[in-house]
Every structure is written in C-alpha cells, then in structure tokens.
Amino acid sequence: GAEEPAPPEEGAAAAAAETPVAVAEGLCLHLSSCSTGYKGVSSGYKDNGRFHAQHSVGGRNVPLGRFDTAVEAAVAYARAAG
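Residue numbering note: each chain is counted from 1, following its sequence as written. Confidence filtering applies because this is a predicted model: local features only for residues at pLDDT of at least 70, side-chain atom pairs given and counted only at 80 or more, and all residues used for totals across whole chains, interfaces and linings. Side-chain numbers come from the whole structure's heavy atoms, not from hydrogens or water.

Undergrad: For this particular structure, what's the right way to read the nonpolar core?
TA: Side chains that are nonpolar tend, in soluble globular proteins, to be buried together. Throughout this description, the term nonpolar core refers to a set of buried Ala, Val, Leu, Ile, Met, Phe, Trp, Tyr and Cys residues connected via side-chain atoms within 4.5 Å. Only protein chains enter the calculation, and the probe is 1.4 Å; a residue is then buried if its accessible area is under 20% of its type maximum, exposed if over 50%, and partly exposed in between. L29, Y38, V41 and A73 are the most contacted members of the largest nonpolar core, which has 13 residues in total. In this text, helices come from DSSP runs of H or I with a minimum length of four residues, and strands from runs of E with a minimum of two, each type numbered from the N-terminal end. Put simply, the parts of the chain that give this core at least two residues each are strand 2 (51-57) and helix 3 (70-81).

Undergrad: Would you explain the pairing of strand 2 in this entry?
TA: The side chains of a regular strand alternate, first on one face of the sheet and then on the other. Here strand 1 (residues 41-43) runs beside strand 2; their pairing, made up of three bridges, is antiparallel. Opposite S43, over in strand 2, you have F51 as the bridge partner. Whether two strands pair depends on DSSP finding at least two bridges between them. With seven bridges connecting them, strand 2 and strand 3 (residues 60-67) associate as antiparallel partners. Counted as the bridge partner of F51 is F67 from strand 3. Joining the antiparallel neighbours strand 2 and strand 3 is a turn of two residues, in which G58 adopts a positive phi near 60 degrees.

What follows is the structure, encoded as structure tokens:
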C-alpha cells in the first residue's frame, strides 16, 4: 500500500529549534503558503517523507538536494537564493 506522508513540521516550533544555522550564516528563510511552509521546498512522498529543495536559475529548476527536515531544505534554498 501507499505510505503515509510525513506529518508537516510544527511551523514556528520547528523553525525555532532548527534555525541556528540559518541565523549564524545570516540567512533569511523564504516562507511560503505551500504545504512545507518554505519556498523551494517540497516533500517527497516516494522518498520516505524526505524534503527536496530546488532553486530556479534562468527559468530552469536546479535541484539542491534531499533533506530530513523542511528546515534543512529551506536553509539550502536560502543559501542558493542568496
């Protein structure tokens, strides 16, 4: 059967617990109204609930990797977006 998707992280609580890297690097995470809460981040239902980050460059999507949490993927996106 189909696997259940990973439950969405608890927004502010997850961000508060996992953004010291973003703060230390001076990054601004790009919030969004999508299901993960972050721009450039999607959940991979076929990838055991891991999160995928991608960034658009010149109209082409550039994959940034797969991550265990949406916040880790959002940090990767923030690094790429500048």
